[in-house]
Amino acid sequence: MKSKFQVDKNGYYGQFGGAFIPELLYPNVKELEDNYLKIMESEEFQKEFKYLLKDYVGRPTPLYLAKRLSEKYGAHIYLKREDLNHTGAHKVNNTIGQILIAKHLGKKRIIAETGAGQHGVATATVCALMNLECVVFMGEVDIKRQAPNVARMKMLGAKVVPAISGSKTLKDATNEAIRDWIGNPEDTYYLIGSVVGPHPYPDMVARLQSVISKEIRAQLLEQTGQEKPDSVIACVGGGSNAAGAFYHFLDDEDVELIAVEAAGLGVYSGESAATSVLGEVGVLHGSKTILMQDEYGQVIEPYSLSAGLDYPGIGPLHAFLNESKRAVFMNATDQEALDAAYELTRIEGIIPALESAHALAVLPKLDFKKNQVVVVNLSGRGDKDLETYIKNLK
Ligand SMILES: *Cc1c(COP(=O)(O)O)cnc(C)c1O
């Protein structure tokens with residue numbers, strides 16, 4: 001598939017993307033850039049990736065016509081059940097793919113950074129599976145806030161290293177990971193958790209997650225006789241579940257793509273993560289994109305009740321989808337997401353992740369035509385958010 005929504009040969013989507021990295025990292029990133037497509041297209045990789053997605057992760061995930069939700073909103077609403085994946089979310093599609101790529105490159109040691117701990121757990125999981133050393137960098141503040149995920153990572157055999165500089169959160173953990181990678185260029189692979197980072201990471205992660213939209217097309221065809229829905233809705237933190245759910249529809253401009261960001265306490269409240277509204281062009285995590293920054297270019301700490309959407313930027317593909325208006329960017333507040341989560345639980349018996357609830361939260365804001373076919377990507381399950389749900393239940 002070659003289109004204007006694919007990364008160009010320099011690693012850009014329009015003006016966004018590229019690789020803004022310290023010179024010392026150049027050989028590592030170049031090695032990956034030179035090899036990722038060759039590896040991913042090899043028969044050996046394809047065979048192992050498909051096998052693990054099927055028998056380890058549990059794919060294909062169902063595409064479920066949510067009858068009562070559909071009745072309520074007057075459209076045919078399908079849920080893509082990424083919540084049913086092993087480890088409870090879409091993130092494992094990416095970590096399985098990248099761990100196989102790391103192995104093909106002969107790497108012995110995996111590093112990652114994590115904010116809420118979800119990507120750390122997905123990385124520690126595949127490292128246990130592949131018997132590879134795993135080091136996860138995590139802000140000291142986040143280690144305290146996300147104790148259950150820290151415990152999971154340790155149980156899985158990972159070493160969790162606290163980042164103690166700056167605000168002691170995700171961006172500081174990212175700095176630590178990059179520093180480690182510079183110091184260990186030969187044997188170490190840096191496993192990034194979303195469609196962010198220097199080229200080729202955004203493209204590589206989008207391709208690994210594209211299994212979501214590939215399945216949606218086949219499943220819709222089987223269930224409705226048509227492989228294209230009218231709309232696809234997904235939440236956006238860095239943007240990997242949305243990239244996966246949009247991927248095989250990017251060139252079908254009759255399919256509306258709706259990306260939902262976290263508005264926290266309100267877009268303009270000062271406590272928000274609505275990057276497409278509040279962000280400006282800059283460099284974050286090694287790529288040119290839009291991010292929330294102050295007048296001096298310093299990253300503004302984002303806020304969302306949902307840990308997975310609490311990110312100050314969006315990946316370069318999404319920056320381009322937003323600028324080119326190929327995708328519609330919407331947002332939902334903490335409260336709207338909570339309400340949507342309680343609603344789905346009560347009328348469908350599915351407790352969604354708080355992140356995924358942001359995607360559901362735009363359903364009341366949309367005007368559907370009769371028989372409109374809508375797919376909502378249910379990126380994860382809500383077990384990890386139970387404490388938040390119980391605390392906020394009225
Ligand atoms: C991490 C996470 C997200 C946000 O990450 P993306 O890269 O934007 O997909 C969304 N949903 C769930 C369940 C997550 O764990």
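Because the structure is predicted, anything quoted here is derived from the model rather than measured.

Visitor: Even after reading the chapter, I still don't get the overall build of the protein, so can you show me in this structure?
Guide: Secondary structure summary: the protein contains 16 helices and 14 strands in total. For a compact globule of 394 residues, the expected C-alpha radius of gyration is about 21 Å, and the protein comes in at 19 Å, within 12% of that figure. Here the protein holds 394 residues, and the buried ones make up 59% of them. In the protein, of all internal contacts separated by at least 6 residues, the share reaching a separation of at least 24 is 73%.

Visitor: Any chance you could explain the environment of Pro202 here in plain terms?
Guide: The residue Pro202 is located in helix α9 (residues 201-209) in this model. A relative accessible area of 5% means that Pro202 is categorised as buried. Separated by 114 residues in sequence, Pro202 and Pro316 place their C-alpha atoms 7.3 Å apart.

Visitor: Help me out: how do you make sense of the nonpolar core in this one?
Guide: Generally speaking, nonpolar side chains in soluble globular proteins are found buried as a group. By size, the foremost hydrophobic cluster in this structure holds 88 residues, and its most contacted members are Ile99, Tyr189, Met204 and Phe246. The element contributing the most residues to this core is helix α4 (residues 91-104), with six residues. In terms of nonpolar packing, the next biggest core, distinct from the first, is built from 29 residues, Leu309, Phe368, Val376 and Leu378 among them.

Visitor: Is there a simple way to think about the pattern of salt bridges in this case?
Guide: Once the charged atoms of two side chains with opposite charge are near each other, the side chains can pair. Summed over all chains, the structure comprises 23 salt bridges. Between Lys107 and Glu31 there is a salt bridge, with the nearest N and O atoms lying 2.9 Å from each other. You can see Lys107 sitting in the loop between α4 and β5 (109-114) and its partner Glu31 sitting in helix α1 (residues 26-41), a full 76 residues away along the chain. By relative accessible area, which is 6% here, Lys107 ends up buried. One salt bridge connects Glu343 with Lys72, and the closest N-O pair in it is separated by 2.6 Å.

Visitor: What is the right way to read the domain arrangement of the protein from this model?
Guide: Here the protein is partitioned into domain 1 (13-52 + 91-205) and domain 2 (58-89 + 209-392). On the domain 2 side, the residues contacting the 32 residues of domain 1 number 33 residues. Interface area, domain 1 with domain 2, both sides summed: about 2800 Å², of which 61% is carbon and sulfur. Among the residues domain 1 hides against domain 2, the three largest losses belong to Phe16, Asn93 and Val195. Together they make up 23% of the total. Where domain 1 touches domain 2, the interface holds one salt bridge. A salt bridge links Lys171 to Glu301; its shortest N-O distance comes to 3.9 Å. If you list the elements that add at least two residues to the side of domain 1 that touches domain 2, you get β2 (16-17), α4, α5 (118-130), α8 (170-183) and α9. Looking at which element gives the most residues to the side of domain 1 that touches domain 2, the answer is α4, with four residues. Grouping the amino acids of the side of domain 1 that touches domain 2 by side-chain chemistry returns 14 nonpolar, 15 polar and three charged.

Thresholds applied
Residues numbered from 1 in each chain as written. Predicted model: local features only at pLDDT ≥ 70, side-chain atom pairs only at ≥ 80, totals over all residues. Heavy atoms only, no water. Helix = DSSP H or I, 4+ residues; strand = E, 2+ residues; numbered from the N terminus. Rg over C-alpha atoms; globule rule 2.2 N^0.38 Å. Buried < 20%, exposed > 50% of the residue type's maximum accessible area, 1.4 Å probe, protein only. Contact = heavy atoms within 4.5 Å. Core = buried A, V, L, I, M, F, W, Y, C linked by side-chain atoms within 4.5 Å. Salt bridge = Lys/Arg side-chain N within 4 Å of Asp/Glu carboxyl O. Domains from an automatic or database assignment. Buried area = accessible area lost by both parts, 1.4 Å probe. Nonpolar A, V, L, I, M, F, W, Y, C, P; charged D, E, K, R; others polar.

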